[in-house]
Amino acid sequence: MNNEFYIGWMPKAPQGFARHVKRVLLTILPVVLLTGAMLAWLQKRFSTASFEFGKLTEVTGVYFKDPVPMLRVNAGNDIWGNTSYISIPLVGYGKHGANGIIREIEIEHKTSLDHKQVILKGTLLYTDGRTIMQVSSNEIASVKIVPGRTAETATVQKDLGFRKVKGEIIDPKCYFGVMKPGEGKVHRDCAIRCILGGIPPMMHVWNDKGESNYYILVSSTGIDINKAVQDYVAEPVELEARLVQYGDWTLMYVADMKNIRPISSLQLFRPASTIIACGTGCTQ
Amino acid sequence: MGVSYQAIGWNRQKKQYDWLIFGFCCIYLSTFILVTAIFNPEYTFETVLIRSTSTLALLILHVILCIGPLSRINRKFLSLLYNRRHLGVTMFVLAATHGIFSIIHFHALSNVNPLVSLFTSNVNYNSAGGFPFQALGFFALVIFFLMAITSHDFWLHNLSPKTWKTLHMFVYGAYFLVLMHVMLGAIQYERHPAFVLLIALGAAAVLTLHLVAGTREVKKDNSLFDPAVNGFVSVCDVNEIEDNRAKIFCVNSERIAVYRFGDTLYAIHNVCKHQGGPLGEGKIIDGCITCPWHGYQYLPNNGQSPPPFKERVSTYDVRIEGNRVWLNPSPFPEGSERPGTVISQPSN
Ligand code: HEM
Ligand code: FES
């Protein structure tokens, strides 16, 4: 029997023990390195979405309260000489929609913002050619409202009919760059929090070419859509609803929660499945 | 005895142990962060912090759970067991960083309290794929917290070793919660099979080591003795016990250590009062039976820790007839003086 005996309170471990510990440590070291490197390497790639944290941008446009708070911004003339617009949905600070901050601005400036030309400062978030903006209470004072000038033209709308699409309900604020990942199971609680906080839920759809599109979910019956989608956020769903093109965005009018159905994630990734979505092209 | 009874400070071994833990943590964290930054440059700081701390905590948890059975299989691992609680506290600090940061990241700045949000945002408690996995992590963290704050021996004495041990057995429950936390959380998101494989590998290692160490002990415990004669059972040959060492016998489901100290045999209960370490695997040092796990000491002739310590274990009677050692498995009250039995002839 080996007569060495280990006691931890002694200043030095017996030689045999010390040698053994060294061997163990030398085995553990590569395991630690490899595990760390492998886990880090195999993580899903993060999206290129961007949140301009700390950078304020001044945007001039017409504010619309409905269907979701957004700013319609004149983007110059298109090739036919028609004025083109981009719409920038607004969100509040943290996990809040824009309604609260807009109300504060309206109280501060003692006027309604709806259909008015405003100059807002905020932080931009963008992905896949779409932009949204965060407005926080620090920027209330700098808001400028052009008195009395309402929007000259209504936003162009076009009924695209009932469609069945497969994708994932996201909160655009996180998905557009505040969080990475801003989708899927790991981010689910946060997405629910954001949507319950008033950030408009969107349906993210994509096709096998990797093109993405985002449909803004709205209720066609007056129910609180943010609350109604709580159980379907951040998981694969199939959703049947009337699609309406609204300027450069597409709205999805959900009539009944029965039209949202959880599906297996395999259904999203099966390459030969029906067109899950079209890129921006097919909503024209 | 030449031992003085100072409180045990951070001796050289402890310091080395802590530096090693610290070094390994730094290596892991920097590897994880660096590899993420290089291969996944769109990363955000929050996510890399949440993920590097969580995965390291889980890795350390595996080491913690494996050291126990490993040191039963090979005694040389005892040197890693001795300061295992330092690993435990480190693991807790990492898991708490991950958990608290996750709560802030995913639940703060919202319209409800973050802790309320933790349990009420995702309420799919009856679905497997949709299950609110964060709640599982929360309960695991509570267990680790209780274990970390009671890890000092002060609590061991205050709670009684039995309660303490029970509390610390919850580590297995917490391990299970963490596995489910990961399986129902990150694994539902990350699609690469290596993640599931790693989890399975880790769990298999923990399970196998426990089974191997367990079956060995059960085998030892089940060795049969001839029926008792006048209360004594014949256990072994005198020569089988080395000087200053013991052999352990499990008679009537009690483990008893029979020690040889010079030319005398003594028998005491095998279970250390500290954390139940196997006294029979210890050694007599400075005249005291010394527990192999953390070095608690007991006098062979009465099972008492030398003053000022107050631990006491049961003692037993032993007898020698011819070359056979006979042991009486009825215990004397803890700390009872027993004369032992003198080996009359030189045994070799
Ligand atoms: C309050 C307690 C906890 C909360 C709120 C929490 C939350 C989370 C969240 C949100 C994720 C997914 C993060 C992501 O991938 O982006 C996650 C993953 C993970 N958690 Fe926890 N967790 C908690 C406790 C724990 C504990 C105690 C452990 C034990 C070691 C742990 C280990 C892990 C591991 C290994 C992962 C997978 C790797 C990762 O994605 O970070 N968690 N946790
Ligand atoms: S179990 Fe800790 S010293 Fe015996």
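Because the structure is predicted, anything quoted here is derived from the model rather than measured. (Residues numbered from 1 in each chain as written. Chains lettered and ligands numbered in written order. Predicted model: local features only at pLDDT ≥ 70, side-chain atom pairs only at ≥ 80, totals over all residues. Heavy atoms only, no water.)

Let's talk about the packing of helix H8 (residues 161–183) of chain B against helix H10 (residues 193–221) of chain B
Residues and elements named next belong to chain B. Selection criterion: Fitted lines through C-alpha atoms give the axes, limited to the stretch in contact for helices. The angle between two N-to-C directions lies from 0 to 180 degrees. The numbering of helices and of strands both runs from the N terminus, where a helix is a DSSP run of H or I of at least 4 residues and a strand a run of E of at least 2. To sort the angles, those under 35 degrees are grouped as roughly parallel, those over 145 as roughly antiparallel, those from 65 to 115 as roughly perpendicular, and the leftovers as oblique. For any pair of crossing helices, the crossing counts as left-handed if the nearer helix is rotated counterclockwise from the farther one by less than a right angle, and right-handed if it is rotated clockwise. Note on definitions: a residue-residue contact is assigned when non-hydrogen atoms from the two residues lie within 4.5 Å. Throughout, the ten residues Ala, Val, Leu, Ile, Met, Phe, Trp, Tyr, Cys and Pro are labelled nonpolar, Asp, Glu, Lys and Arg are labelled charged, and all others, Gly among them, are labelled polar.
Packing of H8 against H10 leaves a shortest axis separation of 11 Å and a crossing angle of 165°. In terms of orientation, H8 and H10 fall into the roughly antiparallel class. Where H8 crosses over H10, the handedness of that crossing is left-handed. Along its contact with H8, which presents Tyr172, Tyr175, Leu179, Val182 and Met183, the element H10 presents Val196, Ile199, Gly202, Ala203, Val206 and His210. Taken together, the residues of the contact of H8 with H10 sort by class into 9 nonpolar, 2 polar and no charged.

A look at a positive patch on the surface
This is how it is decided: Here a patch means residues that are over 30% exposed by relative accessible area and free of salt bridges, tied together within 9 Å if like-charged and within 5 Å if nonpolar (Val, Leu, Ile, Met, Phe, Trp, Tyr). Per-residue and other accessible areas were derived by the Shrake-Rupley procedure at a 1.4 Å probe size, with only the shown protein chains allowed to occlude residues. Here, a salt bridge means any side-chain nitrogen of Lys or Arg that lies within 4 Å of a carboxyl oxygen of Asp or Glu. Counted as positive: Lys and Arg. Counted as negative: Asp and Glu. His and the chain ends are not counted at all. Every charge is mapped onto a representative atom, which is NZ of Lys, CZ of Arg, CG of Asp or CD of Glu.
Together, Lys12, Arg19, Lys22 and Arg23 of chain A together with Arg12 of chain B make up a region of like positive charge exposed at the surface. Its location among the elements puts Lys22 of chain A in helix H1 (residues 15–42).

As for helix H1 (residues 12–39) of chain B
Basically, it comes down to this: Multiplying 1.5 Å by the residue count of a helix minus one yields the expected span of that helix. Buried, partly exposed and exposed residues are distinguished by accessible area as a fraction of the type maximum, computed with a 1.4 Å probe on protein chains only: under 20%, between the cut-offs, and over 50%, respectively.
The terminal C-alpha atoms of H1 of chain B lie 40 Å apart, and with 28 residues this matches the ideal 40 Å at 1.5 Å per residue to within 8%. Considered for burial, the residues of H1 of chain B that qualify are Gln13, Lys14, Tyr17, Ile21, Phe24, Cys25, Tyr28, Thr31, Phe32, Val35 and Thr36 of chain B. Summarising the contacts, the buried residues of H1 of chain B are in contact with H1 of chain A together with helix H2 (45–73), helix H3 (78–81) and helix H4 (84–107) of chain B.

Quick notes on the nonpolar core
Put simply, the test is: Here the nonpolar core consists of buried residues drawn from Ala, Val, Leu, Ile, Met, Phe, Trp, Tyr and Cys, with membership extended through side-chain atoms lying within 4.5 Å.
If you look at the biggest cluster of nonpolar residues, it comprises 73 residues, and the most contacted ones within it are Ile60, Leu61, Leu80, Leu87, Met91, Phe144 and Leu279 of chain B. Broken down by element, this core gets its largest block of residues, 10 residues, from H2 of chain B. Aside from chain neighbours lying at most four places away, what touches Leu80 of chain B is Val21 and Val24 of chain A together with Tyr17 and Ile67 of chain B. Among the nonpolar cores identified, the runner-up in size contains 24 residues, and Val91, Ile170, Ile199 and Ile216 of chain A belong to it.

Some points on the pattern of salt bridges
All names here are of chain A. What the rule picks out here adds up to 15 salt bridges over all chains. Between Glu238 and Arg261 there is a salt bridge, with the nearest N and O atoms lying 2.7 Å from each other. With Glu238 in strand S11 (residues 236–246) and Arg261 in strand S13 (residues 260–262), this pair connects stretches of sequence that are 23 residues apart. Look at Arg261 and you get partly exposed, because its relative accessible area is 41%.

With respect to the confidence of the model for chain B
Detailed reading of the predicted coordinates is not advisable wherever pLDDT is low. Residue and element names in this part refer to chain B. Put simply, the test is: Every residue is assigned a pLDDT by the predictor, reflecting its confidence on a scale from 0 to 100.
In this model, chain B carries an average pLDDT of 91, and 96% of its residues clear a pLDDT of 70 or more. Helix H7 (residues 153–159) is the least confidently modelled element of chain B, averaging 84 in pLDDT, while helix H6 (residues 133–149) averages 97, the highest of any element. In this model, residues 1–7 is a region of pLDDT below 50 whose contacts with residues beyond four sequence positions or in other chains number 9 contacts.

Brief notes about the coordination of the iron atom of ligand 1
Residue and element names in this part refer to chain B. Inclusion rule: Donor criterion used throughout: N, O or S atom within 2.8 Å of the metal, extended to 3.2 Å for Na, K and Ca. Water excluded; incomplete-looking sites may result. Angle rules define the geometry names used: all angles between 85 and 135 degrees makes four donors tetrahedral, while opposite donors over 155 degrees apart and all other angles between 65 and 115 make four donors square planar and six octahedral, leaving every other case irregular.
Here the iron atom of ligand 1 is held by the protein donor atoms His98 (NE2) and His181 (NE2), which lie 2.0 Å from it. Taken together, the 6 donor atoms surrounding the iron atom of ligand 1 define angles of 87 to 179° at the centre, an arrangement classified as octahedral. In this pair, His98 is assigned in helix H4 and His181 in helix H8, connecting sequence segments 83 residues apart. Judged by relative accessible area, His98 falls into the buried class, the value being 17%.

Quick word on the environment of Ile88 of chain A
All names here are of chain A. Residue position: Ile88 is located in strand S4 (residues 83–91). Once the C-alpha coordinates of Ile88 and Leu29 are considered, the two residues, 59 residues apart in sequence, prove to be 51 Å apart. Once residues within four sequence positions are removed from consideration, Ile88 is found in contact with Val59, Met70, Leu71, Val73, Thr131, Ile132 and Met133.

As for the domain arrangement of chain A
Residue and element names in this part refer to chain A. Heads up, the condition is: An automatic or database domain assignment supplies the start and end points of every domain. Accessible area, probed at 1.4 Å, shrinks when two parts are joined; the buried area is that loss added up over both. What qualifies as a polar contact is a pair of N or O atoms within 3.5 Å, subject to a donor-acceptor requirement within protein and to the restriction that residues adjacent in sequence count only when both atoms come from side chains.
Here the domain parsing of chain A yields domain 1 (50–153) and domain 2 (157–273). A C-alpha centroid distance of 22 Å is found between domain 1 and domain 2. Across the contact, 26 residues belong to domain 1 and 24 residues belong to domain 2. Here domain 1 packs against domain 2, burying approximately 2,000 Å² in sum over the two surfaces, 65% of which is carbon and sulfur. In this assembly, domain 1 and domain 2 are joined by 0 salt bridges. For the interface between domain 1 and domain 2, the tally reads 11 residue pairs in polar contact (both at pLDDT 80 or more). Elements with a contribution of two residues or more to the side of domain 1 that touches domain 2: strand S1 (50–51), S4, strand S5 (116–127) and strand S6 (130–134). Counting residues per element, the side of domain 1 that touches domain 2 draws most heavily on S4, which supplies 5 residues.

Focus on the site of ligand 1
To keep things clear, this is the line we draw: Distances are taken per atom, and a residue is near a molecule or strand as soon as one of its heavy atoms is within 4 Å of it.
Contacts to ligand 1 come from 23 residues, most closely from Arg51, Ser54, His98, Phe106 and His181 of chain B. In this structure, ligand 1 is bordered by residues of chains A and B. Separating an oxygen atom of ligand 1 from a side-chain N or O atom of Arg51 of chain B is a distance of 3.0 Å. Elements supplying a minimum of two residues to the shell around ligand 1: H2, H4, H6 and H8 of chain B.

Some remarks on empty space enclosed by the protein
Residue and element names in this part refer to chain B. Under the convention used in this document: For cavity detection a 1 Å grid was placed over the protein atoms alone, and a set of points counts as a cavity when a 1.4 Å probe fits there but cannot get out; an open set counts as a pocket when protein lies on both sides within 12 Å along at least five of seven lines, with lining residues being those that have an atom within 4 Å of a point. Grid points are joined across faces, edges and corners, and a volume is the space filled by probe spheres set on the points.
Enumeration according to the criterion identifies 1 cavity of 30 Å³ or more in this entry. The space that makes up the largest cavity amounts to roughly 30 Å³. Lining the largest cavity we find Ser71, Arg72, Leu78, Pro278, Glu281 and Trp293. Along the lines of polarity and charge, the residues of the lining of the largest cavity split into 3 nonpolar, 1 polar and 2 charged.

Points about the domain arrangement of chain B
Residues and elements named next belong to chain B. What the domain assignment reports for chain B is domain 1 (12–220) and domain 2 (233–342). Contact with domain 1, which involves 14 residues of that partner, is made by 11 residues of domain 2. Between domain 1 and domain 2, the buried area comes to about 1,200 Å², and carbon and sulfur atoms account for 44% of it. When the buried surface of domain 1 facing domain 2 is broken down by residue, Arg75, Leu78 and Tyr82 rank first, second and third, together holding 31% of it. Seen at the junction of domain 1 and domain 2, the total is 2 salt bridges. Salt-bridge contacts for Arg255 lead to Glu217; the nearest nitrogen and oxygen are separated by 3.5 Å. Summed over the shared surface of domain 1 and domain 2, the number is 5 residue pairs in polar contact (both at pLDDT 80 or more). The residue makeup of the side of domain 1 that touches domain 2, split by class, is 6 nonpolar, 1 polar and 7 charged.

Quick look at the packing of aromatic side chains
How two aromatic rings sit relative to each other is given by the distance of their centres and the angle of their planes. All names here are of chain B. Which entries qualify depends on this criterion: Any pair of Phe, Tyr and Trp rings, taking the six-membered ring for Trp, is counted once the centres come within 6.5 Å. Such a pair is stacked with planes under 30 degrees apart, edge-to-face with planes over 60 apart, and tilted for the rest.
Throughout the structure, instances matching the rule amount to 14 aromatic pairs over all chains. With a centroid separation of 5.3 Å and 90° between ring planes, the pair formed by Phe119 and Phe138 is classed as edge-to-face. On the criterion of sequence distance, the pair formed by Phe119 in helix H5 (residues 114–120) and Phe138 in helix H6 is long-range, its members being 19 residues apart. Since its relative accessible area comes to 26%, Phe119 is described here as partly exposed. Their ring planes at 70° and their centres at 6.2 Å tell us that Phe225 and Phe249 sit as a pair that is edge-to-face. Residue Phe225 is found in the loop between H10 and strand S1 (233–237), and its partner Phe249 is found in strand S2 (residues 246–251); the two are separated by 24 residues along the sequence. Residue classification places Phe249 among the buried residues on the basis of a relative accessible area of 6%.

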